[in-house]
Structures are given as C-alpha cells and as structure tokens.
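# Close look at the chain arrangement
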Amino acid sequence: MLSRSLAESGHYPAIDIESSISRVMTALVTPEHEHQMRQLKQRLSRYQRNRDLISVGAYAPGSDPLLDQAIALYPAIEGFLQQGMHQACGYDDARQQLQALFAAARLDQLLAYELEYRQKLQSGLARGMVSGDYENFQQFILTLETAIAQHRYTLNQWKEKVQQAIALWQDKQQRLNALSTLHSRQEQAAQVRENRLDQKKMDEFARRAADARRNNS
C-alpha cells in the first residue's frame, strides 16, 4: 500500500509496510525469511506508535526492551526499506541485506551487554566484591566476548554474501542489457535492410514507369 506522507517525506518507494499485507508471501519465501520480515514489521510498528514520545525525549530507555531494539534498528530499517528511483535491487540481494541487518542488531545488543557488565564489574570492584562474584562476572564477560566474536564472524559472512548477491545481480543485469542491445541492433539492421529493399522496389517501379512514359511518347 502506497503512502502519501511517505512520498512527501522523500521516502522512495513510498510503501507503507505496516499497512501492506501479502496473501501469497508465505508461499514465496522461506520460513526464516517470513520470520525476519515479521520481526522487522513488529519493530517498525513499535517505533512508529511511540514516535512522539521518542522525538520529545519522553521515553526512558529500558522501559520497553522491544522499543529499545526498535530505536536501535530504526535507521537500518529505514535504509533497508528505501532505494534510489533509478536503483534496482534483486530478491537475493534484499534477502541477504535483511539477514545482515538482524545479524548487526544482535552484535550491537551483545556489545551493549558486554559494556553493561563491565561497568557493573568496575562498580562492584570499587565497592568491594567477593571473589565468587568476581569470577562469575569474569566468566560471563568471557562468554559474551566469545559470542561477540562469533557474531562478528557471522556478520562479516553476511556482508560478503550481500556483496556477492549484488555483484551477481549486476552481472545478470549487464548480460540482460547486452542481450537487449544486441536484439535492438539486430532489429535496427533488419529494418534498414527492409527499408533498402522497399526503396529498391520503389526505384525499380519509378524506372519502369519512366520507361513506359518514354515508350508511349
């Protein structure tokens, strides 16, 4: 469904994702893709419903975990849902970008957790902390670091897949454009030959008509 307000704000294509419902999407995409799109719509909807509170600074971070995620993801979602008027995007490219978006979000969340627990550890050390609590904090932070490293690796893989999908799509487009140009040139050459043949016939007809007039005179 198109939205005038999105179009007026320079959002192209001006598709209102929240109001758009596809009856055939489940038959065309994988369950994982459908799940990710549902997650994207949930976070976009949560952000839009609280936009006024966010814009005036009335929302207190931490009050709603899903809204916190929506706020963090909103710039990436906005970028994902837009493209230039002369920019094309293939299905595989879009699917890879969506997966990379959520991989980046998970990495950001883990980094935030790591920062939070490091701050708690420093605060606990400043007040005095028993060795058992210190070891628990350290173990949890090490677990987070391992998870962060894994997610960084996963995110880099998705970024590579996005670039590969873009390159593959661009190669296909170049081939299609080259084929279209070849067909166009062949049609133009055929038209030139046909025009020359018609002109030859007309010249022959004119010559015979001129000969006939001379013979009659």
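Data block above holds the structure.
All of the points below concern the structure found in this document. Keep in mind that this is a model prediction, so the values were computed, not measured.

## Here's the deal with the overall build of the protein chain
The helix and strand inventory of the protein chain stands at seven helices and zero strands. Listing each helix as α and each strand as β along the protein chain from the N terminus yields α-α-α-α-α-α-α. In summary, the protein chain has a C-alpha radius of gyration of 32 Å against a globular reference of 17 Å for 217 residues, an excess of more than 25%. When the accessible surface of the protein chain is totalled, it reaches about 15700 Å², and 53% of it is carbon and sulfur. Positive and negative charge centroids in the protein chain, built from 27 and 25 side chains respectively, lie 9 Å apart.

## Details of helix α3 (residues 31–49)
For α3, which comprises 19 residues, the first-to-last C-alpha distance of 27 Å matches the rise-based estimate of 27 Å (1.5 Å per residue) to within 8%. Every buried residue of α3 is accounted for by H33, Q36, M37, Q39, L40, R43, L44, S45 and Y47. The elements touched by buried residues of α3 are α2 (25–28), α4 (51–55), α5 (65–80) and α6 (91–127).

## What about the pattern of salt bridges?
Considering all chains together, one arrives at six salt bridges under this definition. Its salt-bridge partner being E34, residue R38 comes within 3.7 Å of it at the nearest N-O pair. Note that R38 and E34 are positioned in helix α3 at a spacing of four residues, about one turn of the helix. Under the relative-accessibility criterion, R38 is labelled partly exposed at 41%. Residue classification places E34 among the partly exposed positions, given a relative accessible area of 26%. One salt bridge in this structure joins D171 and R175, with 2.9 Å as the shortest N-O distance. Linking D171 with R175, this pair stays in helix α7 (residues 131–216), spanning four residues, or about one helical turn. Classification of D171 as partly exposed rests on a relative accessible area of 31%.

## Focus on the packing of α3 against α6
At their nearest, the axes of α3 and α6 sit 11 Å apart, and the two run at 60° to each other. On the basis of their axis angle, the class for α3 and α6 is oblique. α3 and α6 meet at a crossing whose hand is left-handed. Residues E32, H33, Q36, M37, Q39 and L40 of α3 form the contact with α6, whose own contacting residues are Y91, R95, L98, Q99 and F102. The class makeup of the residues in the contact of α3 with α6 is five nonpolar, four polar and two charged.

## As for α5
Compared with the 22 Å implied by 1.5 Å per residue over 16 residues, the 22 Å span of α5 between its first and last C-alpha is a close match. Along α5, the largest kink reaches about 50° and is centred on L73; proline P75 follows within four residues of it. When we look at burial in α5, the residues that qualify are L67, A70, L73, Y74, I77 and E78. Elements that come into contact with the buried residues of α5 comprise α3, α4 and α6. Capping the start of α5, D64 holds a side-chain oxygen 3.1 Å from the backbone nitrogen of L66, two or three residues further along.

## A few points about the layout of surface pockets
If a probe the size of a water molecule is rolled over the atoms, the empty space left behind becomes visible. For the largest pocket, the calculated volume is near 940 Å³. Lining of the largest pocket is provided by 30 residues; of these, I17, M25, M37, F80 and L81 occupy positions nearest its centre. At the level of secondary structure, the elements contributing two or more residues to the lining of the largest pocket comprise α2, α3, α5 and α6. Across the lining of the largest pocket, the residue classes break down as 15 nonpolar, ten polar and five charged. Considered as a void within the structure, the second largest pocket measures approximately 480 Å³ in volume. In terms of lining residues, the second largest pocket is bounded by 19 residues, among which Q69, A72, A105, D108 and Q109 are the most central.

## Thoughts on the nonpolar core
One finds L40, L44, I77, L81 and F102 to be the most contacted residues of the largest nonpolar core, which totals 15 residues. When residues of this core are assigned to their parent elements, the largest contribution, five residues, is made by α5. Setting aside its immediate chain neighbours within four residues, F102 contacts Q36, Q39, L40 and L73. Listed in part, the ten residues of the second largest apolar core include A100, L144, A147 and L155.

What counts, and where the lines are drawn
- Residues numbered from 1 in each chain as written.
- Predicted model: local features only at pLDDT ≥ 70, side-chain atom pairs only at ≥ 80, totals over all residues.
- Heavy atoms only, no water.
- Helix = DSSP H or I, 4+ residues; strand = E, 2+ residues; numbered from the N terminus.
- Rg over C-alpha atoms; globule rule 2.2 N^0.38 Å.
- Areas by Shrake-Rupley, 256 points an atom, 1.4 Å probe, with all protein chains shown as cover.
- Lys, Arg positive; Asp, Glu negative; His and termini not counted.
- Charge placed at Lys NZ, Arg CZ, Asp CG, Glu CD.
- Expected span 1.5 Å × (residues − 1).
- Buried < 20%, exposed > 50% of the residue type's maximum accessible area, 1.4 Å probe, protein only.
- Contact = heavy atoms within 4.5 Å.
- Salt bridge = Lys/Arg side-chain N within 4 Å of Asp/Glu carboxyl O.
- Axes fitted to C-alpha atoms, helices over the stretch in contact; angles between N-to-C directions.
- Parallel < 35°, antiparallel > 145°, perpendicular 65-115°, else oblique.
- Left-handed = near helix turned anticlockwise from the far one by under 90°.
- Nonpolar A, V, L, I, M, F, W, Y, C, P; charged D, E, K, R; others polar.
- Bend = angle between axes of the 7 residues up to and from the residue.
- Polar contact = N/O pair within 3.5 Å; in protein donor to acceptor, adjacent residues only side chain to side chain.
- 1 Å grid on protein atoms, 1.4 Å probe; cavity = no way out; pocket = protein on both sides within 12 Å on 5 of 7 lines; lining within 4 Å.
- Points joined across faces, edges and corners; volume = space filled by probe spheres on them.
- Core = buried A, V, L, I, M, F, W, Y, C linked by side-chain atoms within 4.5 Å.

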